[in-house]
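Report on the structure
Chain by chain, the residues run as shown.
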Amino acid sequence: MRAQSPTQNPAEADTNVQIDEPASEPSSAVASSAALPDAPLPSDKSSESSSRTNALPSTSELTSQTVRPSGKFDLKAAFWQSFGFTMFDHVWRAAFDPSLRYQLAHKPFFHDWFVSYGGYNLHRWGDGDDFIVNYVGHPLQGAVTSRIYLQNDPRSFVQISKNRNYWVPLGLSTIWSALWQVEWKVGPFSETSFGNAGGWEYVPSCGTALSCLNNPKYPKPPTNNTGLTDWVATPLIGAAWVMAEDTLDRFVVTPVARNHRILGGRVLRSCLEPSRDFAAVFAGKFPWDLPAPETNFMVSRQSHFPKTAGDLQRPALEHWEIGTQYSNISLPVLSNTCTELACRKNLSGLGFNFDYNLTRGFGFDSTVNFIPGQQGAKPMMEGLFGVKMGGRWQHWGLFGKIRPGFIYYESAVPGGGDLTPTSLTRFATDFGGIVELYPARNSTMRFDVGTTLVRYLTNHPDPNMSPINDLRSSQYIVTQGNFQVATSYVYRF
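What counts and what doesn't
Residues numbered from 1 in each chain as written. Predicted model: local features only at pLDDT ≥ 70, side-chain atom pairs only at ≥ 80, totals over all residues. Heavy atoms only, no water. Salt bridge = Lys/Arg side-chain N within 4 Å of Asp/Glu carboxyl O. Buried < 20%, exposed > 50% of the residue type's maximum accessible area, 1.4 Å probe, protein only. Disulfide = S-S within 2.5 Å. Helix = DSSP H or I, 4+ residues; strand = E, 2+ residues; numbered from the N terminus. Pairing = 2+ DSSP bridges. Polar contact = N/O pair within 3.5 Å; in protein donor to acceptor, adjacent residues only side chain to side chain. Contact = heavy atoms within 4.5 Å. Axes fitted to C-alpha atoms, helices over the stretch in contact; angles between N-to-C directions. pLDDT = per-residue confidence, 0-100. Core = buried A, V, L, I, M, F, W, Y, C linked by side-chain atoms within 4.5 Å. Expected span 1.5 Å × (residues − 1). Parallel < 35°, antiparallel > 145°, perpendicular 65-115°, else oblique. Left-handed = near helix turned anticlockwise from the far one by under 90°. Phe/Tyr/Trp six-rings, centres within 6.5 Å; stacked < 30°, edge-to-face > 60°.

All right, on to the pattern of salt bridges then. For the structure shown, the criterion picks out 27 salt bridges. Between arginine 446 and aspartate 448 there is a salt bridge, with its nearest N and O atoms 2.8 Å apart. Of the two residues examined, arginine 446 and aspartate 448, each falls in the buried class. In the salt-bridge network here, residues are joined through shared partners; they are Glu321, Asp355, Asp365, Lys388, Arg392, Lys401, Arg403, Asp430, Glu436, Arg446 and Asp448.

The next point concerns the state of the cysteines. All chains considered together, the criterion is met by two disulfides. The residue that forms a disulfide with cysteine 206 is cysteine 212, at a sulfur-sulfur distance of 1.9 Å. Here the disulfide of cysteine 206 and cysteine 212 is left-handed, its torsion about the S-S bond being about -70 degrees. For cysteine 212, a relative accessible area of 3% corresponds to the buried category. Residue cysteine 338 pairs covalently with cysteine 343 via a disulfide, S to S 1.6 Å. Of the two residues examined, cysteine 338 and cysteine 343, each falls in the buried class. Disulfides within the protein link the bonded cysteines, taken in sequence order, as 1-2, 3-4.

Taken across its ten residues, strand E3 (residues 362–371) has seven buried, putting it largely inside the fold. Pairing geometry for strand E2 (residues 343–357) and E3, over eight bridges, is antiparallel. Counted as the bridge partner of asparagine 357 is glycine 363 from E3. Hairpin remark: E2 followed by E3, antiparallel, with four residues in the connecting loop. Sheet topology note: the E3/strand E4 (residues 380–392) ladder contains ten bridges and is antiparallel. Paired with serine 366 across the strands is phenylalanine 385, a residue of E4.

All right, on to unusual backbone geometry then. The residue serine 205 is not glycine, and still its phi comes out positive at about 70 degrees. Following the sequence through the fold, serine 205 ends up in the loop between helix H8 (164–186) and helix H9 (229–257). The exposure class assigned to serine 205 is exposed, which follows from its relative accessible area of 73%. In this structure, asparagine 296 takes a positive phi of about 55 degrees despite not being glycine. Asparagine 296 gets classed as buried once you look at its relative accessible area, which sits at 2%.

Right, let's talk about the side chain of histidine 106 for a bit. Tracing the backbone through its elements, the reader meets histidine 106 in helix H5 (residues 98–106). For histidine 106, a relative accessible area of 18% gives the class buried. Looking at histidine 106, its side chain comes within polar contact range of the side chain of tyrosine 476, at 3.5 Å. Among all residues touching histidine 106, those that are not within four sequence positions of it are Arg455, Gln475, Tyr476, Ile477 and Val478.

Once that is clear, we can look at the sheet that holds strand E5 (residues 396–412). The strand order E1-E2-E3-E4-E5-E6-E7-E8 describes a closed barrel built from eight strands, whose pairing is antiparallel. Averaged over neighbouring strand pairs, the angle between their axes works out to 25 degrees when direction is ignored. As paired strands, E5 and strand E6 (residues 422–440) are joined by 15 bridges and run antiparallel to one another. Of the residues in E6, the one forming a bridge with isoleucine 407 is arginine 426. Packed on one face of the sheet, H5 meets strand E7 (443–457) and strand E8 (477–492) and runs near 70 degrees to E8.

Attention shifts here to the pairing of strand E1 (residues 320–333). Where E1 and E2 come together, 14 bridges link them in antiparallel fashion. Residue pairing for E2: asparagine 328 is matched across the bridge by serine 348. Of the strand pairs in this sheet, E1 and E8 are connected by nine bridges, and their pairing is antiparallel. In the sheet register, glutamine 325 faces E8, and the bridge partner there is serine 488.

A word on the confidence of the model for the protein. Per-residue pLDDT for the protein averages 85, and the proportion of residues at 70 or more is 82%. Below a pLDDT of 50 lies the segment residues 1–65, which in the model reaches 51 contacts outside its immediate sequence neighbourhood of four places, other chains included.

Counting residues in hydrophobic clusters, the biggest one holds 15 residues, and the most contacted among them are Ile148, Tyr166, Trp176 and Val242. At the level of elements, helix H4 (75–96), helix H7 (131–151) and H8 are the ones that each hand at least two residues to this core. When residues of this core are assigned to their parent elements, the largest contribution, five residues, is made by H7. Not counting chain neighbours up to four residues away, the residues in contact with tyrosine 166 comprise Val158, Gln159, Ile160, Ser161, Val242, Met243 and Asp246. Ala377, Tyr409, Leu424 and Ala428 belong to the second-largest nonpolar core, a separate cluster that totals 14 residues.

Next up on the list: H8. For H8, built from 23 residues, the straight-helix expectation of 33 Å at 1.5 Å per residue is met to within 8% by its first-to-last C-alpha distance of 33 Å. The elements touched by buried residues of H8 are H4, H7 and H9. Regarding H8, its N-cap is asparagine 163, as a side-chain oxygen of that residue lies 2.7 Å from the backbone nitrogen of asparagine 165 further along.

H7 packs onto H4 with a crossing angle of 160 degrees between their chain directions and a minimal axis gap of 9 Å. The angle between the axes of H4 and H7 places the two elements in the roughly antiparallel class. Of the two possible hands of crossing, H4 and H7 adopt the one that is right-handed. The residues of H7 that touch H4, namely those facing Ala78, Gln81, Ser82, Phe85 and Asp89, are Gln141, Val144, Thr145, Ile148 and Gln151.

One pass over the structure, following the stated rule, counts 34 aromatic pairs. An angle of 40 degrees between the planes, with centres 6.5 Å apart, marks the rings of phenylalanine 189 and phenylalanine 194 as tilted. By relative accessible area, which is 17% here, phenylalanine 194 ends up buried. Ring centres of tryptophan 320 and phenylalanine 354 lie 5.8 Å apart, and the angle between their planes is 45 degrees; on these two criteria the pair is classed as tilted. Taken together, the residues tryptophan 320 in strand E1 and phenylalanine 354 in strand E2 connect sequence positions 34 residues apart.

Below, the structure written as structure tokens:
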């Protein structure tokens, strides 16, 4: 019997077949016994056995490159990767949609979100978007969420074929994509909550002016961005998109990647499979770092060593942080020392902060400050809950922060034409930077600087309501920045 060549590329075998586990007896034992001076000459049978043993990878090769992913679907990873992709989509919308930015800055968020459901129309197909958005953009969105499911389900690590391990995960990934499309349309992080789809009407390519109606230059009827097209096209055409990429991967990319790792496994795969690119990014990887057909869906287990002696001495990350804080914020407030209705004061407060660090560079960051009555103003309370991102070294750290929250006033003018002072809560968002010093193992001295954006209701209605049809509130809100600094002592554990 002819022994298998040790140089055979495992990717040339059927990718649907699991790789056999290596023999328990290491090949070095065979080599050492053959080196003895009185070792018997091997028979044909023993020669065959020796050849098979020597064809196996060495122990070092096994520990460094032959690692097969776990066979269970990673629900947690798939959820957070899909959520990250959803938030990226919203950032993209905000960057290119001035109407969305206007509503976030000047409209009452929760009121307009919930009344927008009353305008939903799922008895029509089109939602007013053009062909590229409906039949290219949304299917790509569906393909990415589908691909996120697949990259977290090791059962799907087969090439497109008749194998049920390809089609069953593909069907489940399509359901996963459909569920995320429901979230995208009507969920808490949706086109309804951010942008108020269903809440107001406009004429595509024209706007909200009454002159847009029955205008031959703009033949499309008014729309409020609701219809069935995205609900159906996103998951179904997205699944077809994944299948098309998988076909290209099997018959174009993989044959090249087996012989040209860079050209095939990196260049061609990145160019021809955009859904895989996006899904990999939200998994924190490059597309070529994922299990691939040319490696029989095996991944490398590489050892990462510290680059410097300082890294060797770096202490373990403490996940929890709790501390006390002094803060100072400049706010317009009612005061008996003001000659006007409200005047700006520098107000001091005491509070505490509470953090949970997921990694050295990213964590949840929150603070609650109590601002007592001072300079003729009534007491207030501030709560901010968000994230911080940056770098942490042995003796210091530098972070950026974004923390939405609220400011509660014991006495303030509500706006909207009402000049009677009352207790109320306003939405606030804190942006800024953090410097941390680590003088001891579990101690942090923290310094915050930034601006706290506070939303104030004006006394005049929104001048940009849609005269065609608008379910949203007529309130108009302005956002004002307020400088804030803080210093804290934090205990880490």
